[in-house]
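Chain by chain, the residues:
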Amino acid sequence: MSTTTVPAQTGSGRRIKDVVFVDGVRTPFGKAGEKGIYAGVRADDLVVKCIRDLMRRNPTLPPDRIDDVAIAATTQTGDQGLTIGRTAALLAGLPRTVPGFAIDRMCAGAMTAVTTTASGIAFGAYDVVIAGGVEHMGNHPMGADTDPNPRFMSERLVDPAALNMGNTAENLHDRFPAITKDRTDAYAVASQTKLAAAYAGGQIQPDLVPVASRKEGTGWTLNTVDEPPRPDTTTEDLAALRTPFRAHGRVTAGNAAGLNDGATAALLASSDAAAELGLPAKMRLVAYAFAGVEPEVMGIGPVPATEKALRQAGLSIDDIGLFEINEAFAVQVLSFLDHFGIADEDPRVNRYGGAIAVGHPLASSGVRLMLQLARQFEEDPSVRYGMTTMCIGLGMGATVIWENPHHPDYSTNAAEDAA
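Residues numbered from 1 in each chain as written. Predicted model: local features only at pLDDT ≥ 70, side-chain atom pairs only at ≥ 80, totals over all residues. Heavy atoms only, no water.

- Per an unreviewed UniProt entry, the recorded name for the protein chain is Thiolase family protein, and the organism is Arthrobacter flavus.
- Looking at the Sequence similarities (unreviewed entry) heading of the UniProt record, one finds this comment for the protein chain: "Belongs to the thiolase-like superfamily. Thiolase family." (UniProt positions renumbered as here; feature names shortened; annotations may be inferred.)

This is the structure we're talking about:
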């Protein structure tokens, strides 16, 4: 079965190139707010840390071979504004000949930075790119300085709940009554437990970039681990939490991702350029898709996006051996699993835990999913295909399918094989 998603030749005779995920890093994620580890730290400096560490980890890559830098941020203002892809590239010390740009697709910002630049690689416009995202929700609270058009409400273009992510999660519970609060709380506890086990096994730390921060009265601290995890969480703890979005609701701070700060960056290349430069190929991009859904139930977005990506790849859900699903809300993940007939505790799903435990700094999270999938591919060569997927505010979903180069059936040039 061919897994290439595009014809091997364009009309001009240009060969579509394979795109590989070379490497990726992220900062430890922090809690947003004045008590969080990144209070007083600039968002663009978090991105700079990631870019510099990518270059350090890949010494065979000449900086002038980077063709573009795409960095996503949901709130593109202040230290997350000014075309952050370009400014972060300059601040990181990349040559001035390296361009950059900014992207916004809310929670899927970094994922869109990856797919957009990957398309440029496949077309032949790029050989090597850096793509990632940042969100400093302490400096820029979600929705701050936005001005939704009043037509959304006056013309009833969307349900009022669509502008509040917690309300959309409560709506998912209404739509899928089989997803009870007990189930979401149990899922949330499992996320915390799996992340703690991954930390204990040294599976998270290799991709973290230490970040120094300074607070008045305490001095400098070197942050080397994520701040949000609560590994001792129990279902009894979660049952006692209030439901802020609806009286007697089901969504709480315990079964949803928190408000967080953090940045991610990934290095992508054509397979030819990676081989030329001595860069590793940790994953091959097989297919990607974005889809829209009713904004008031935005959490269901990964379902149609996944169906679309699977069709493009010529695969079925049964071909996917590992799932990295962003955990904006437990109900959102469970609605995906129920749709595809996957058990809540399926070992293919979020082996290292997810955003409920580690945090969700909006536009940065897509690359975190990829980092975790790439490391799991390395650990488990028996898995050929994996998936990174997430819901997106205002009613969208995104899915990327990847192939494991450690699998015995991996083809180093799938596009040429299909020609």
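Picking up after the structure, the text goes on.
### Focus on the packing of helix α6 (residues 181-200) against helix α10 (residues 330-339)
For step 1, the next point in the chain: α10 packs onto α6 with a crossing angle of 100 degrees between their chain directions and a minimal axis gap of 9 Å. In this view, α6 runs roughly perpendicular relative to α10, as classed from their interaxial angle. Residues Arg 183, Thr 184 and Tyr 187 of α6 form the contact with α10, whose participating residues are Ala 330, Val 331, Val 333, Leu 334 and Asp 338. (Axes fitted to C-alpha atoms, helices over the stretch in contact; angles between N-to-C directions. Helix = DSSP H or I, 4+ residues; strand = E, 2+ residues; numbered from the N terminus. Parallel < 35°, antiparallel > 145°, perpendicular 65-115°, else oblique. Contact = heavy atoms within 4.5 Å.)

### Section: the pattern of salt bridges
For step 1, the next point in the chain: As enumerated under the stated definition, the model contains 24 salt bridges in all.
For step 2, the next point in the chain: In this structure, Arg 42 and Asp 44 form a salt bridge, with 2.9 Å as the shortest nitrogen-oxygen distance.
For step 3, the next point in the chain: According to the relative accessible area criterion, Arg 42 is partly exposed, its value standing at 43%.
For step 4, the next point in the chain: A relative accessible area of 8% places Asp 44 in the buried class.
For step 5, the next point in the chain: Residues Arg 65 and Glu 276 are paired through a salt bridge, measuring 3.0 Å at the closest nitrogen-oxygen approach. Here Arg 65 is found in the loop between α1 (43-57) and β3 (68-72), whereas its partner Glu 276 is found in helix α8 (residues 271-277), with 211 residues between them in sequence. (Salt bridge = Lys/Arg side-chain N within 4 Å of Asp/Glu carboxyl O. Buried < 20%, exposed > 50% of the residue type's maximum accessible area, 1.4 Å probe, protein only.)

### What about the nonpolar core?
For step 1, the next point in the chain: By size, the foremost hydrophobic cluster in this structure holds 42 residues, and its most contacted members are Phe 323, Phe 329, Phe 336, Leu 337, Met 387 and Ile 401.
For step 2, the next point in the chain: Listed by contribution, the elements that provide at least two residues to this core are α5 (165-175), α6, β9 (283-292), α9 (302-313), β10 (320-325), α10 and β11 (385-392).
For step 3, the next point in the chain: If near-sequence neighbours (up to four positions away) are discounted, Leu 337 is found in contact with Ile 325, Ile 342, Ala 343, Asp 344 and Val 349.
For step 4, the next point in the chain: Ranked by size, the runner-up nonpolar core spans 40 residues in total, among them Tyr 126, Val 129, Ala 131 and Ala 363. (Core = buried A, V, L, I, M, F, W, Y, C linked by side-chain atoms within 4.5 Å.)

### What about the confidence of the model for the protein chain?
For step 1, the next point in the chain: Of all residues in the protein chain, 95% attain a pLDDT of 70 or more, and the chain-wide mean is 93.
For step 2, the next point in the chain: Throughout residues 413-419 the model reports pLDDT below 50, and contacts reaching past four residues in sequence, or to other chains, amount to 14 contacts. (pLDDT = per-residue confidence, 0-100.)

### Brief notes about the pairing of strand β4 (residues 100-103)
For step 1, the next point in the chain: Of the pairings in the sheet, the one linking β3 to β4 comprises four bridges and is parallel in character. Its bridge partner lying in β4, Ala 72 is registered against Ile 103.
For step 2, the next point in the chain: Crossover handedness for the path β3 to helix α2 (residues 84-91) to β4: right-handed. (Pairing = 2+ DSSP bridges. Right-handed = clockwise from strand over helix to strand, strands pointing away.)

### Details of the UniProt feature "domain: Thiolase C-terminal" (unreviewed entry) in the protein chain
For step 1, the next point in the chain: Cross-referencing UniProt, the feature "domain: Thiolase C-terminal" (unreviewed entry) maps to residues 282-403 in the present numbering.
For step 2, the next point in the chain: Span residues 282-403 is 34% helix and 26% strand, its end C-alpha atoms 9 Å apart.

### Some words on α10
For step 1, the next point in the chain: Where burial is concerned, most of α10 is hidden: eight out of the 10 residues are buried.
For step 2, the next point in the chain: Those residues of α10 lying buried are Ala 330, Val 331, Gln 332, Val 333, Leu 334, Ser 335, Phe 336 and Leu 337.
For step 3, the next point in the chain: In this fold, the buried residues of α10 make contact with α5, α6, α9, β10, α11 (355-358) and β11.
For step 4, the next point in the chain: With its phi angle positive at about 70 degrees, Gly 341 sits one or two positions after the end of α10.

### What about the packing of aromatic side chains?
For step 1, the next point in the chain: Taken as a whole, this structure holds four aromatic pairs when the rule is applied.
For step 2, the next point in the chain: Here the aromatic rings of Phe 21 and Trp 402 are separated by 5.9 Å at their centres, their planes lie at 80 degrees, and the arrangement is edge-to-face. Within this pair, whereas Phe 21 is found in strand β1 (residues 19-26), its partner Trp 402 is found in strand β12 (residues 396-403), the two being separated by 381 residues in sequence.
For step 3, the next point in the chain: Phe 21 gets classed as buried once you look at its relative accessible area, which sits at 1%.
For step 4, the next point in the chain: The rings of Phe 323, Phe 336 and Phe 340 are connected pair by pair, giving a single aromatic cluster.
For step 5, the next point in the chain: The positively charged end of Arg 26 is found above the aromatic ring belonging to Phe 29, 4.5 Å away from the centroid.
For step 6, the next point in the chain: Between the NZ or CZ atom of Arg 105 and the centre of the ring of Phe 290, over which it lies, the distance is 3.7 Å. (Phe/Tyr/Trp six-rings, centres within 6.5 Å; stacked < 30°, edge-to-face > 60°. Lys NZ or Arg CZ within 6 Å of the ring centre and 35° of its normal.)

### Let's talk about the pairing of β3
For step 1, the next point in the chain: Burial of β3 is extensive: five of the five residues sit out of reach of the surface.
For step 2, the next point in the chain: By the alternation rule, side chains of β3 split into Asp 68, Ala 70 and Ala 72 and Val 69 and Ile 71, which are all buried.
For step 3, the next point in the chain: With five bridges connecting them, β3 and strand β5 (residues 128-136) associate as parallel partners. Within β5, the position partnered with Ala 70 by the bridge is Ala 131.

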